[in-house]
Amino acid sequence: MLSVLLRAIAALALGTSLAGCAGGGAALRGTGDLGVVIERADGAVLVVENSTRSILGRIDGLGDLSHAHAVFSRDGRYAYVFGRDGGLSKLDLLTRRVAARVMQAGNSIGGAISQDGRLVVAQNYDPGGIKVFDAGSLELLADIPATHGDGTLRSKVVGLADAPGNRFVFALYDAGEIWIADLSQPRSPRITRFPGAGRQPYDGLVTPDGRHYLAGLFGEDGIAALDLWQPQPQLRRILSGYGRGEQRLPVFKMPHLRGWAVAGRRAYLPAVGRHEVLVVDTETWQEVGRIPVKGQPVFVMARPDGRQVWINFALPDNGWVQVFDTLGGKIVASLQPGRAVLHMEFTARGDEVWMSARDDDRVVIYDTAHLARVGEIAARSPSGIFFASRAARIGF
Amino acid sequence: MDYRIGRFRVLAAVLAGMVSCAAAPAALAAPDDERGRSLVRLVRQDCGACHGMLLTGGLGPALSPDALRDRPREALVATVLGGRPGTPMPPWRGLLTEDEAGWIVDRLQAGFPER
């Protein structure tokens, strides 16, 4: 009995000392079970652990994190957080410290990391363009202004995605162009421009195989697509006129696109200004179906295995989340996880999904097999949730 | 969040109009406290999706006092309610009354509350 007690005390002491050493990086552990939650109103990031559904720590002082986005180093140790105010912070998930930080623009919207993990790229509204940084030091390696028109105009950049070959693909919102930046020599970027992509691209994605880039269009019904495997990719338009000329509803929040749109051989894409998800065959790029949903979709995210697609919505339906079963071909659940559900993130293998309920100040966790709520963590105005398993995925 | 049309307290509105007439010259009716907080939240969080939570701009332009100072109030109210065709700015009529839009515009021009 006494020995048990002593062992417990020793274990506790060891645990405490390890925790105490965490700041020095002494505790041995991986990061594959970790992630970050953006607390958008406080300029803070929570470091969370999936299996224990717990908060390991909070990192403050990161500026304006409205619409913040994060990508991960290849070893999953560092999260690169892109703030609205142009701040780019490299966070150490193990020590919960800021490893490096630069102010790189006046107004930024997100970023991406290269295939080889050496380059971090920010996409900016102001000054419009992308900037390329050394992933280790955050030293600026290249500044690529998104010029258009007579060369003096600069466009806001949206839809930045990494592609194989240390390439990055992005869209110029104001110019209706898509650019591919080949950064195999980071200080000498090679740019290929695709004008005439369509009016007001709002976001973009690279498919999980790294082959196709899609840019969703706000200014017209359709999606611009590039086959990145081709030696000379050609612009093509898919889902043209999916609105059938009907008046769209007011759009209170822009939809978001990422590689999570793809489940099996189909892509599930939000219809802008409609209560619909568009289903496209990724071999033929023909529309093969539409799913009527509760509101205007914002995130349409396939569970990593592709069996389910989870959908959240713009105002005034942002308290709802619907689950589409890709096998049965129907909506199987309409959930109300909380008020103002801004974002969702699946655990690496999709057993759980974490959802930000901004106006309830919490992250709500659901078991995806039983569609049941299994936990929650407190967070102040949570928005984006990003798990370190993104480190291994193309387009994340 | 409740987006039904807010209830207006006449007395509070009159008082608010008297107290804040320097900052908000044309405010004739003000939302009650609860609706006011919910409107502040709406602007910071939901308008903030495009204009930035600090209203410094994003896909949409900055909504700071500097940016809006010389813009006519009525035009701004019309933009809030009717949107701007050809841009992503949607018409908020249906989620906001005209008085609420005016209340928001007055505060944007004066310096928007934090919470």
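Placed above this text is the structure.
Here we summarise the structure given alongside this text. The structure presented is a predicted model; accordingly, all values stated were derived computationally and were not measured. (Residues numbered from 1 in each chain as written. Chains lettered and ligands numbered in written order. Predicted model: local features only at pLDDT ≥ 70, side-chain atom pairs only at ≥ 80, totals over all residues. Heavy atoms only, no water.)

Take the overall build of chain B next. Helix and strand content of chain B: five helices and zero strands. Written out in order from the N terminus, the α and β elements of chain B read α-α-α-α-α. Buried positions account for 49% of the 115 residues belonging to chain B. Within chain B, contacts between residues at least 6 apart in sequence are counted, and of these 59% link residues at least 24 apart. Counting every atom, chain B has about 6,100 Å² of accessible surface; 59% of that belongs to carbon and sulfur. (Helix = DSSP H or I, 4+ residues; strand = E, 2+ residues; numbered from the N terminus. Buried < 20%, exposed > 50% of the residue type's maximum accessible area, 1.4 Å probe, protein only. Contact = heavy atoms within 4.5 Å. Areas by Shrake-Rupley, 256 points an atom, 1.4 Å probe, with all protein chains shown as cover.)

Secondary structure summary: chain A contains one helix and 34 strands in total. Whereas a compact globule of 396 residues would reach a radius of gyration of roughly 21 Å, chain A reaches 21 Å, a difference of no more than 12%. Expressed along its principal axes, the backbone C-alpha trace of chain A runs to roughly 75 × 50 × 35 Å. Out of the 396 residues belonging to chain A, those deemed buried represent 59%. Pairs at least 24 apart in sequence give 42% of the contacts found in chain A among residues at least 6 apart. Here chain A has roughly 15,100 Å² of accessible surface; of this, 51% comes from carbon and sulfur atoms. (Rg over C-alpha atoms; globule rule 2.2 N^0.38 Å.)

Let's shift gears to the interface of chain B and chain A. Taken together, the contacts link 24 residues of chain B with 25 residues of chain A. A combined buried area of about 2,100 Å² lies between chain B and chain A, and 55% of that area is made up of carbon and sulfur atoms. Summed over the three residues of chain B that lose the most area to chain A, namely Gln 45, Met 53 and Leu 59 of chain B, the buried surface amounts to 28% of that side. Taken together, chain B and chain A are joined by two salt bridges. Asp 46 of chain B is paired through a salt bridge with Arg 358 of chain A; the nearest N and O atoms lie 3.4 Å apart. Across the side of chain B that touches chain A, the residue classes tally to 13 nonpolar, eight polar and three charged. (Buried area = accessible area lost by both parts, 1.4 Å probe. Salt bridge = Lys/Arg side-chain N within 4 Å of Asp/Glu carboxyl O. Nonpolar A, V, L, I, M, F, W, Y, C, P; charged D, E, K, R; others polar.)

All names here are of chain A. That bond from Asp 126 to Pro 127 is cis: its omega, -5 degrees, falls within 30 degrees of zero. Structurally, the position occupied by Pro 127 is in the loop between β9 (119–126) and β10 (129–134). For the bond running from Leu 315 to Pro 316, omega is -5 degrees, close enough to zero to count as cis. Mapped onto the fold, Pro 316 is located in the loop between β27 (308–313) and β28 (321–325). One non-glycine residue, Asn 166, lies in positive phi territory at about 50 degrees. Summarising the element assignment, Asn 166 is placed in the loop between β14 (157–163) and β15 (167–172). Asn 166 sits in the buried class, given a relative accessible area of 9%. In this structure, Ser 381 takes a positive phi of about 40 degrees despite not being glycine. By secondary structure assignment, the location of Ser 381 is in the loop between β33 (372–378) and β34 (382–387).

This part covers the sheet that holds β34 of chain A. Residues and elements named next belong to chain A. Spatially, four strands are ordered β3-β2-β1-β34 in an open sheet, and the strand pairing comes out antiparallel. Looking at strand neighbours, the two that pair on one side only are β3 (54–59) and β34, the edges of this open sheet. Strand after strand, the sheet turns through a mean of 25 degrees between neighbouring axes, direction not considered. (Pairing = 2+ DSSP bridges. Axes fitted to C-alpha atoms, helices over the stretch in contact; angles between N-to-C directions.)

Here the focus is the packing of helix α4 (residues 73–82) of chain B against helix α5 (residues 98–110) of chain B. Residues and elements named next belong to chain B. Put simply, α4 and α5 touch, their axes get as near as 9 Å, and they point 125 degrees apart. By the angle between their directions, the pair α4 and α5 is classed as oblique. Once α4 is placed against α5, the crossing between them reads as right-handed. From α4, Arg 73, Leu 76, Val 77, Val 80 and Leu 81 reach across to α5, where they touch Glu 98, Ala 101, Gly 102, Trp 103, Val 105, Asp 106 and Gln 109. Broken down by class, the residue content of the contact of α4 with α5 amounts to seven nonpolar, two polar and three charged. (Parallel < 35°, antiparallel > 145°, perpendicular 65-115°, else oblique. Left-handed = near helix turned anticlockwise from the far one by under 90°.)

Turning our attention to the packing of aromatic side chains. Any aromatic ring pair is given by two values, namely how distant the centres are and how the planes are angled relative to each other. All names here are of chain A. Evaluation of the coordinates by the stated rule reveals seven aromatic pairs over all chains. Plain terms: the ring middles of Trp 310 and Phe 346 are 6.2 Å apart, the flat faces sit at 85 degrees to each other, and that makes the pair edge-to-face. In this pair, Trp 310 is assigned in strand β27 and Phe 346 in strand β30 (residues 341–346), connecting sequence segments 36 residues apart. With respect to class, Trp 310 is no different from Phe 346; both count as buried. By way of ring pairs, the aromatic residues Trp 260, Phe 299 and Phe 396 are connected into one cluster. A cation over an aromatic ring shows up here: Lys 90 above the ring of Tyr 78, its NZ or CZ 4.4 Å from the ring centre. In this arrangement the basic side chain of Arg 393 is found over the ring face of Phe 396, its NZ or CZ atom lying 4.1 Å from the centre. (Phe/Tyr/Trp six-rings, centres within 6.5 Å; stacked < 30°, edge-to-face > 60°. Lys NZ or Arg CZ within 6 Å of the ring centre and 35° of its normal.)

Quick look at the nonpolar core now. Counting 40 residues, the largest nonpolar core has Ile 178, Tyr 213, Leu 214, Leu 228, Leu 239 and Leu 269 of chain A as the members making the most contacts within it. Secondary-structure elements contributing two or more residues to this core are β14, β15, β16 (177–182), β18 (201–206), β19 (212–217), β20 (223–227), β23 (266–270) and β24 (276–281) of chain A. If one sorts the elements of this core by residue count, β20 of chain A sits on top with four residues. Counting 24 residues, the second-largest nonpolar core is a separate cluster that includes Leu 315 of chain A together with Val 40, Cys 47 and Val 77 of chain B. (Core = buried A, V, L, I, M, F, W, Y, C linked by side-chain atoms within 4.5 Å.)

Let us now look at helix α2 (residues 33–51) of chain B. Largest kink in α2 of chain B: about 30 degrees, centred on Leu 42 of chain B. Positioned one or two residues after α2 of chain B, Gly 52 of chain B has a phi angle of 90 degrees, which is positive. (Bend = angle between axes of the 7 residues up to and from the residue.)

A few words now on the pairing of strand β1 (residues 34–39) of chain A. Residue and element names in this part refer to chain A. Counting buried residues in β1 gives six out of six residues, a clear majority hidden from the surface. By the alternation rule, side chains of β1 split into Leu 34, Val 36 and Ile 38 and Gly 35, Val 37 and Glu 39, which are all buried. Both β1 and strand β2 (residues 44–49) contribute to a ladder of six bridges, which runs antiparallel. When the sheet's bridge partners are listed, Ile 38 is paired in β2 with Val 45. Counted between consecutive antiparallel strands, the loop separating β1 from β2 contains four residues, among which Gly 43 sits at a positive phi close to 60 degrees.

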